[in-house]
Amino acid sequence: MKVLHDVSIEMTEGETVILLGTNGNGKSTLIKTIMGIVPPNQGEIIFESEGVQINLVGKKPQEIVNMGITMVPEGRRLFPQLTVEENLYLGAFRREARQNLERNLSYCFEVFPRLGERRTQLAGSMSGGEQQMLALARAIMSSPKILLIDEPSVGLAPILVSQLMTSIKEMKENLNLTVLMTEQNFSQATKIADRGYIIVHGKIEFRGSNVELSGNELVKQYYLGT
Amino acid sequence: MLLFLGAFLITQNFHNQYYYLAAFTVLQYIILSQGWNILGGYTGYVNFGTGAFFGVGAYTSAMIVKTFKIGKSAPFLELPILFIAGGLVAALLGLGLGYLTMRIKGIYFSISTLALAFVTVTIILNIDALGGATGLYIIRPRKIPFFTNYMEFLFLVMVALSIFAVAFARYIENSWIGRGLSAVRDDEDAAECTGVPVLKLKVFATMASSTLMGVAGAAYPYFVTFLEPISTVSLDVGVNSLAMPLIGGTSTWAGPLVGAVLLGIIQQIALVTLSPEYSLLVIGILLVSFVILAPEGIVGLFRKFRASLKK
């Protein structure tokens, strides 16, 4: 089935871009396509690094991770039967990340002290909020340049969502990341974003800055349901 | 090293042949269950077709013995050649299985390995060059320098191979490969997202596992001296090498080792005191009770016990 029809988005280094849309509009599909998990029928995904342009279409997920693009999948997708520490190690599977393992690990425990306290606990036995922290930390372990975060707020209490957004912002600034985040939680997501897109039925219907998004009619119509 | 030296001294001073035969079987199962555990335990792909890999290793080695007759001119060189050849052919079969079953998971993978065992039996039965249903006779070299009996030499080689198998499994477990395999076991899609090369690791695990099984098989012809498809590529081999790691515990290298030694010895005792049929029954009963009462095996029980002591 064709899910994405007319999607063109771009990000420049150091930006935080959000992709807004309700369920079933193609947000997760777009992220999976960038990661090479779902192959696109047509189109290009260009990644530019140090002046060299690479088309990501046709590359395997592991090759894309090797280029420094990592995703935090929807619903966290941790390894529930492995410990927190083992989950983090697995985030650093690519060769370049293994060299920075110790540094990244201590950084993760600094941002999320809870994970440090629970390093030997099984990931599946933690609360939803802690699991989301672990999912983010696992992605950070791969020393990414670009972080794709798919609906981080799913199933979390509002206070946890706002803490999470603060952590994402903090990590982005400390590690010089470029972030693409899909969200349904409009107000929380616009707080940390520079720009955003609204996707409706697989088409980008609106693009604009943070402020433009907030006052937009489409947002009200499709998104807030008024 | 010490173990190996100890085993060497035993062969020099102790000559009751029955114990060597019994020990051979136990050692063979150490190799088989370590091999099984790389795919079944670390990666989570349950293989019922150990017999196929074991049998392919055995038949490869028997054919080399029969065709090239290196045993007489170079008795110490022959076994390594047999092991390498048996391991290689089994690894190729593993590679084929790995690619064919790439996208099959869980129970469907297990069924396809079961099918592989039956296909292998049928193929061997219908190829006259492999002896067909009549089987193949393999004559053991009568004499070997430094040892009073060939069986004692074979025993010593099996000790060395078992040590290698345990060390190999242990190395994999503690390396990045082992980490990646446990990710594949836990959630294949998540592993893919994290950048773990799932496909490569799966094919690697299948090949490493089948190589060990093939090597174990390569020693078999000289042990039985008569090779016949139905008892070689048998379900007994498959069930035993699955039951031993499960009973011992699949999460670490110690599990298959403990399971193989314990069950292997119990089975040998049952074989002598009761009957061959009962020896398999023992395995069956133990397997069922462990799956129900202690799903993490003996190693898991031991860990729980140690944890409760600390408290």
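Residues numbered from 1 in each chain as written. Chains lettered and ligands numbered in written order. Predicted model: local features only at pLDDT ≥ 70, side-chain atom pairs only at ≥ 80, totals over all residues. Heavy atoms only, no water.

(A) Spotlight on the overall build of chain B. Counting its secondary structure elements, chain B contains 14 helices and two strands. Relative to the 2.2 N^0.38 estimate, which gives 19 Å for 311 residues, the radius of gyration of chain B is 19 Å and therefore close to what a compact globule would have. If one aligns the C-alpha atoms of chain B with their principal axes, the spans along those axes are about 55 × 45 × 35 Å. Sequence-distant contacts, at least 24 apart, represent 81% of the contacts inside chain B between residues at least 6 apart. Of the side-chain charges in chain B, 18 are positive and 13 negative, and the distance between the mean point of each set is 8 Å. (Helix = DSSP H or I, 4+ residues; strand = E, 2+ residues; numbered from the N terminus. Rg over C-alpha atoms; globule rule 2.2 N^0.38 Å. Contact = heavy atoms within 4.5 Å. Lys, Arg positive; Asp, Glu negative; His and termini not counted. Charge placed at Lys NZ, Arg CZ, Asp CG, Glu CD.)

(B) Structural context of the overall build of chain A. Looking only at helices and strands, one finds eleven helices and eight strands in chain A. Relative to the 2.2 N^0.38 estimate, which gives 17 Å for 226 residues, the radius of gyration of chain A is 17 Å and therefore close to what a compact globule would have. Judged by the C-alpha coordinates and their principal axes, chain A covers about 50 × 40 × 35 Å. A buried classification covers 52% of the 226 residues belonging to chain A. Across chain A, contacts joining residues at least 24 apart in sequence account for 70% of those joining residues at least 6 apart. As displayed, chain A has an accessible area near 10700 Å², and 47% of this comes from carbon and sulfur atoms. The positive charge centre, built from 23 side chains, and the negative charge centre, built from 25, are 4 Å apart in chain A. (Buried < 20%, exposed > 50% of the residue type's maximum accessible area, 1.4 Å probe, protein only. Areas by Shrake-Rupley, 256 points an atom, 1.4 Å probe, with all protein chains shown as cover.)

(C) The arrangement of the environment of Gln184(A) in detail. All names here are of chain A. With respect to the helices, strands and loops of the structure, Gln184 is situated in the loop between β6 (178-183) and α9 (186-192). Between the C-alpha atoms of Gln184 and Ser142, which are 42 residues apart in sequence, the distance is 26 Å. At 2.4 Å, the side chain of Gln184 and the side chain of Asn23 are in polar contact. (Polar contact = N/O pair within 3.5 Å; in protein donor to acceptor, adjacent residues only side chain to side chain.)

(D) Local environment of a nonpolar patch on the surface. All names here are of chain B. A cluster of nonpolar residues, Ile10, Phe14, Tyr18, Tyr19, Leu271 and Val272, forms a patch on the protein surface that exposes about 560 Å² of accessible area. Secondary-structure elements contributing two or more residues to the nonpolar patch are α2 (17-42) and α12 (254-273). In this fold, Tyr19 is placed in helix α2. (Patch = residues over 30% accessible without salt bridge, like charges linked within 9 Å, V, L, I, M, F, W, Y side chains within 5 Å. Salt bridge = Lys/Arg side-chain N within 4 Å of Asp/Glu carboxyl O.)

(E) Expanded view of the sheet that holds strand β8 (residues 203-209) of chain A. All names here are of chain A. Strands sit in the order β4-β5-β6-β1-β7-β8 across an open sheet of six strands; the sheet is mixed. Only two strands of the sheet have a single neighbouring strand rather than two, namely β4 (69-72) and β8. For this sheet, the mean inter-axis angle between neighbouring strands, taken without regard to orientation, is 15°. Bridge analysis of strand β1 (residues 16-20) against strand β7 (residues 195-200) gives four bridges, and the strand direction is parallel. Bridge pairing links Ile18 to Gly196 in β7. Together, β4 and β5 (146-150) form the strand contacts of helix α7 (residues 128-140), whose direction differs from that of β4 by roughly 170°. Taken strand by strand, helix α8 (residues 158-175) contacts β1, β5 and β6, and its axis lies near 160° from that of β6. (Pairing = 2+ DSSP bridges. Axes fitted to C-alpha atoms, helices over the stretch in contact; angles between N-to-C directions.)

(F) Quick peek at helix α3 (residues 84-91) of chain A. Of all eight residues that make up α3(A), seven are buried, and the element is covered over most of its length. For α3(A), every residue scored as buried is listed here: Val84(A), Glu85(A), Asn87(A), Leu88(A), Tyr89(A), Leu90(A) and Gly91(A).

(G) Structural detail: the environment of Gly300(B). Residue and element names in this part refer to chain B. Within the element layout of this structure, Gly300 appears in helix α14 (residues 297-310). Residue classification places Gly300 among the buried positions, given a relative accessible area of 9%. C-alpha separation for the pair Gly300 and Ala74, spaced 226 residues apart in sequence, amounts to 46 Å.

(H) A look at the packing of α12(B) against helix α13 (residues 276-293) of chain B. All names here are of chain B. Direction vectors running N to C along α12 and α13 enclose 145°, while the axes themselves pass 7 Å from each other. Seen from above, α12 lies across α13 with right-handed handedness. Residue-level inspection shows Leu263, Ile266, Gln267, Ala270 and Leu271 of α12 in contact with α13, the latter providing Pro276, Ser279, Leu280, Val282, Ile283 and Leu286. The class makeup of the residues in the contact of α12 with α13 is nine nonpolar, two polar and no charged. (Left-handed = near helix turned anticlockwise from the far one by under 90°. Nonpolar A, V, L, I, M, F, W, Y, C, P; charged D, E, K, R; others polar.)

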